[in-house]
Amino acid sequence: MSIDDHPPSRVKADRSLVRRRAPWLLGTGVALAAAAMYVQYRSKLAEQENPPAGKFIAVDGVRLHYLERGQGKPVVLLHGNGTMAKDFDVSGLLDLASDKYRVIVFDRPGYGYSERPRTTIWGPGAQAQLLYQALQRLGVEQPVVVGHSWGAMVAVALGLAYPEYVRSLVLLSGYYYPTPRLDVPLLSPAALPLIGDLMRYTISPLIGRLIWPAMVRKIFAPAKPTARFKNEFPVWMTLRPVQLRASAAETGLMIPSAYKLSARYPELRMPVVIMSGASDLHIASKLHSERLHKELPQSELILLPGAGHMIQHLVPQQVMSAIDKAAQPIPPKSIVQSPAPTEAV
C-alpha cells in the first residue's frame, strides 16, 4: 500500500509527527557524535599519559601486558574488576612485595593494555588457563597467587585447575558465592553487542566519570580514599570503551562464576589466607570471606576492622604480612582480628 492509499488526514498526521520528531532525532545524533568524539579524545589522552609500563607476552594469540619486579620466590598479583595492574603499584603493595619476592602483576584480559578477544567467554577458568600458560612461559614455578575482588575468583580457579603448581593463595575482598547484586543489571548491559558498543563509545564513559567519586567512596568506606589513590590512579584508563566492555562482561559473569566455583572449594588443598575488610560495603565479608573460611579447614581468615573493600590501599603492610605467611610452610591458624587501619586523608 502506497502513501497515496491512506486517507489525507492520516498522511498529514504522519508527516506532522515526522516534522516534530526530526529536531529531537537530529539533536540526539549530534549529542551522541559529540560524546563519541570526547570519549575518543579522553581515551587517547589517558593512554598518552599512562603508556605501558611493563612487558608484553602473547599466549594463544592473546597479547598480555604485565609488570615484573624484584627477585626471589614468585608472587603473582591479580587485580579486581574495573581496575588494572597499576592499582597494585598505586597501593604501594608492588613496591613492598618486590623488596623480597619476584612479583608479576598482570593486566587481566581486557584491562590496561591486555587484549580480550570476543571469541572467548573470559570467566575465571578461561583466565586461569591463559595466565597459567603465560606464567609457564615466564619460567614461574610454585607461585603465591594473590587475587583481589574479582581477581580472587581467578586465583581460586588457578588453584583448582593446577593444584600442584600453585604454592598458596592469598584472597583479598573476594566474591565467592552467588548472592544478589544490584550492579549486575545496571552495569552489565554495556557488554552486549551493538547496543553495548554504542553505550561504551558514547554515554557510558561520561556517566562513569560522573558517578566515579561516589563509587570510590563506597569501595573505600568506612575509611576515606587514600591521597595516593586520588592523585595517581588513572581514572580515564578505566573508562575507555575497551576496558568498560571487560568490566561489564565480568559484572555479568559474577553470579554464574561464583555458583560454578563454589561447588569445588573443598577441593582446594594448598594453604589459603583469606583477608577482608570487616566493614566492606561492596562485598560483605560474612557472606563471602567468613563462609569460605568455614569450608576450608586449612585456611586462615584475617578480618580488618574499620576497613572496606580496597584493603591493598588501606593496609598494604598487613596484606604484605599475609603474603609472607603464604610464602612460608606454616599451617594457617584460625581467625585473626587485626588492628583497625589508620584513616587516610
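Our structure's up above, just so we're on the same page.
What comes next concerns the included structure. (Residues numbered from 1 in each chain as written. Predicted model: local features only at pLDDT ≥ 70, side-chain atom pairs only at ≥ 80, totals over all residues. Heavy atoms only, no water.)

### Observations regarding the side chain of aspartate 197
One can find aspartate 197 in helix H7 (residues 195-200). Within the structure, the side chain of aspartate 197 is placed 2.6 Å from the side chain of arginine 200, a separation counted as a polar contact. Setting aside anything within four residues of it in sequence, one finds aspartate 197 in contact with Arg118 and Leu192. (Helix = DSSP H or I, 4+ residues; strand = E, 2+ residues; numbered from the N terminus. Polar contact = N/O pair within 3.5 Å; in protein donor to acceptor, adjacent residues only side chain to side chain. Contact = heavy atoms within 4.5 Å.)

### Here we look at helix H8 (residues 203-220)
Its 18 residues give H8 an end-to-end C-alpha distance of 26 Å, which sits within 8% of 26 Å, the value for a rise of 1.5 Å per residue. Bending of H8 peaks at approximately 50 degrees at the position of isoleucine 211, with proline proline 213 no more than four residues after it. Along H8, the positions that sit buried rather than exposed are Ser204, Pro205, Gly208, Trp212, Val216, Ile219 and Phe220. (Expected span 1.5 Å × (residues − 1). Bend = angle between axes of the 7 residues up to and from the residue. Buried < 20%, exposed > 50% of the residue type's maximum accessible area, 1.4 Å probe, protein only.)

### Here's the deal with the pattern of salt bridges
Counted under the stated rule, the structure contains 15 salt bridges. Close ionic contact of arginine 69 with aspartate 89 constitutes a salt bridge, the shortest N to O distance being 3.7 Å. With arginine 69 in strand S2 (residues 62-69) and aspartate 89 in helix H2 (residues 86-91), this pair connects stretches of sequence that are 20 residues apart. On the basis of relative accessibility, which here comes to 30%, the residue arginine 69 falls in the partly exposed class. Here aspartate 95 and arginine 69 are joined by a salt bridge, their closest N and O atoms 3.1 Å apart. Residue aspartate 95 is located in helix H3 (residues 93-98), and its partner arginine 69 is located in strand S2; the two are separated by 26 residues in the primary sequence. (Salt bridge = Lys/Arg side-chain N within 4 Å of Asp/Glu carboxyl O.)

### Regarding the packing of helix H4 (residues 124-137) against helix H5 (residues 150-161)
Here H4 crosses H5 at 65 degrees, and the two axes come no closer than 8 Å. Taken together, the axis directions place H4 and H5 in an arrangement best described as roughly perpendicular. H4 and H5 meet at a crossing whose hand is right-handed. Residue-level contacts link Pro124, Gly125, Gln127, Ala128, Leu131 and Tyr132 of H4 to Trp150, Met153, Val154, Ala157 and Leu158 of H5. For the contact of H4 with H5, the per-class residue count stands at 9 nonpolar, 2 polar and no charged. (Axes fitted to C-alpha atoms, helices over the stretch in contact; angles between N-to-C directions. Parallel < 35°, antiparallel > 145°, perpendicular 65-115°, else oblique. Left-handed = near helix turned anticlockwise from the far one by under 90°. Nonpolar A, V, L, I, M, F, W, Y, C, P; charged D, E, K, R; others polar.)

### With respect to the packing of aromatic side chains
By the definition in use, this model includes 10 aromatic pairs. Measuring from ring centre to ring centre gives 6.5 Å for tyrosine 38 and tyrosine 41, while their planes differ by 45 degrees; the resulting arrangement is tilted. Of this pair, tyrosine 38 and tyrosine 41 both sit in helix H1 (residues 8-49), 3 residues apart, which is roughly one turn of the helix. One aromatic cluster is present, formed by Trp212, Phe220, Phe229 and Phe233 through successive ring pairs. The lysine or arginine in question, arginine 63, covers the ring of phenylalanine 56, its NZ or CZ lying 3.7 Å from the ring centre. Of note, arginine 291 hangs over the ring of tyrosine 177, and the distance from its end group to the ring centre comes to 3.8 Å. (Phe/Tyr/Trp six-rings, centres within 6.5 Å; stacked < 30°, edge-to-face > 60°. Lys NZ or Arg CZ within 6 Å of the ring centre and 35° of its normal.)

### A look at the pairing of strand S6 (residues 168-172)
Of all 5 residues in S6, 5 are buried, a share of seventy percent or more. Of the two faces of S6, both are covered, the one formed by Ser168, Val170 and Leu172 as well as the one formed by Leu169 and Leu171. Between the parallel elements strand S5 (residues 144-148) and S6, the chain passes through H5 in a crossover that is right-handed. Note: S6 against strand S7 (residues 272-277), 4 bridges, orientation parallel. (Right-handed = clockwise from strand over helix to strand, strands pointing away. Pairing = 2+ DSSP bridges.)

### A short note on the nonpolar core
Within the largest apolar cluster, 49 residues are counted, with the highest numbers of intra-cluster contacts made by Leu64, Leu78, Phe106, Leu169, Leu171, Tyr176 and Leu292. Leucine 78 has contacts with Phe88, Phe106, Arg108, Leu131, Val145, Val146, Gly147, His148, Gly151, Val154, Ala155 and Leu158, leaving out every residue within four places of it along the chain. Counting residues in each nonpolar core, the second largest holds 44 residues, with Ala85, Val146, Val216 and Ile311 among its members. (Core = buried A, V, L, I, M, F, W, Y, C linked by side-chain atoms within 4.5 Å.)

### Observations regarding unusual backbone geometry
Here the bond from alanine 221 into proline 222 is cis, since omega is 10 degrees, no more than 30 degrees from zero. Although it is not a glycine, aspartate 60 adopts a positive phi angle of roughly 50 degrees. Examined against the element boundaries, aspartate 60 turns out to sit in the loop between strand S1 (55-59) and S2. Accessibility expressed as a relative area gives 62% for aspartate 60, which makes it exposed.

Geometric values such as these leave the question of function open.
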